[in-house]
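# Fold and contact review
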Amino acid sequence: MIAHTAEPAQLFVESLTGAGYRRHHPRSLGADDGPLSGDLRREGGSVALQWGVHTGRLGALPEAVPLTARRTLSAAWVGPRLPQDVLGDVFEALWACGLDRDAVVCRLADRGREGDPVRAALARLGIPQAGEDPDAGAPPDTSHRRHGTPGVLLSLDCELGPACSPACTPDCLCGRYLHLGDGRFTRPARSTGLPVFEFLAAEDAVSCGAAGLADPFDLPPLRGLLEAVGARLPELLTLPAPGQALRLVVDHTRAVALLLAAGFGPGPRGPARATRRLLRRMAGTMALAGAPVAGLADLVALAGGAHGFPAVSVAARYLVERETAAFDRVVAAGHRRFLCCLARRPTPDELAVELARLRSERGVPLALTLNWCRQHGISVPLSLIAAADARDV
Ligand SMILES: [Zn+2]
């Protein structure tokens, strides 16, 4: 593999600007806002790097640690041009990132024979095709922008390891394939009368593919942060799933550092609410491990510095400290309420209702209240809490 000194995202942009694409400056950050490849009314190519914070999956069960803050690489071409030429630009940019030409496969989803020119273009470019992608009908990153009629959709994957069986395809869950990104050829949009090609990929996926890694937490800034945070908060390593707790804290500190750098201190609405949720989830995990919540602002500054975000201002640091102090008070008050409830000798159903309310009304993380239950030798089935939660809505 060629050793690159610049990071893949930068190489992607340089390759396309070298081919005459316009560089779009990132828009201001908005939580749960999709990336944008630029103004799609002007004919020609455009390329952009855009950070985004996505908190939509934070509450999903079973709990995993997807990356909350991600940078998207996007490229677009507006106007009539051969699919082979448009795709050629994007693939050149991906090869410039260090991706192995023999490891990338493409899946197509199209209606009827509309995809034939694209299939032919891929064959001429030497990109293997791995059948239809059933999910490409709605790639999550592009669904919010449908210019004209949805046309031909492409899904790119990178092969990381050997096949688990002769039937192993990019749909297989064995971990052989890493999803890189999605492209879309659309028919002429009504507003401009021009066809559009858009391509979107997550920077971490491209970097992992280029380095032959399956896990974004093995990439340099995140790997270093895992080690640094693990050394500062050894308490996290005492939790039942230490790796997961550490990842959650590292992931959330990075997202909070990004939100603070964009001017979103913790608050009740919009992106500010995302900052608050992330801080509380982090503080909850730290409290669960018995780690001091007071050092959270330092961790955020550390993550921001590792990623080259603007330094956390004195005012932002104050907001984080105030927020974590407020969380400490919420937890202390919640604990008192929990003990009062226990003193009433509740039935399992009543206790489940109390835990659900402590979570939804008081903001005490469920993991923390379940831990209090364990400390009193009580176990409450999650199904009871979920049912109580559903009744309360
Ligand atoms: Zn497989």
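Structure first, text after, so check above.
Residues numbered from 1 in each chain as written. Predicted model: local features only at pLDDT ≥ 70, side-chain atom pairs only at ≥ 80, totals over all residues. Heavy atoms only, no water.

### Points about the coordination of the zinc ion
- All of the protein donors around the zinc ion are C164 (SG), C168 (SG), C172 (SG) and C174 (SG); their distances to the metal are 2.2 to 2.4 Å.
- With 4 donor atoms in place around the zinc ion and angles of 100 to 119 degrees between them, the coordination shape is tetrahedral.
- The sequence pattern formed by the donor residues of the zinc ion is C-x3-C-x3-C-x1-C.
- Here C168 falls in the buried class, since its relative accessible area comes to 9%. (Donors = N, O, S within 2.8 Å, 3.2 Å for Na, K, Ca; no water. Tetrahedral: all angles 85-135°; square planar, octahedral: opposite > 155°, others 65-115°. Buried < 20%, exposed > 50% of the residue type's maximum accessible area, 1.4 Å probe, protein only.)

### Some thoughts on the pattern of salt bridges
- Under the counting rule described, the total for this entry stands at 16 salt bridges.
- A salt bridge links D89 to R81; the shortest N-O distance between them is 2.9 Å.
- The class of D89 is buried, set by a relative accessible area of 15%.
- For R81, a relative accessible area of 31% translates into the label partly exposed.
- Because the salt bridges share partners, they merge into one network encompassing E7, R71 and E203. (Salt bridge = Lys/Arg side-chain N within 4 Å of Asp/Glu carboxyl O.)

### Notes on the pairing of strand β2 (residues 44-53)
- With 10 of its 10 residues buried, β2 lies for the most part within the structure.
- Burial along β2 is two-sided: G44, S46, A48, Q50 and G52 and G45, V47, L49, W51 and V53, pointing in opposite directions, are all buried.
- For strand β1 (residues 22-24) and β2, the ladder comprises 3 bridges, and the chain directions are parallel. Bridging from a neighbouring strand, H24 pairs with A48 of β2. (Helix = DSSP H or I, 4+ residues; strand = E, 2+ residues; numbered from the N terminus. Pairing = 2+ DSSP bridges.)

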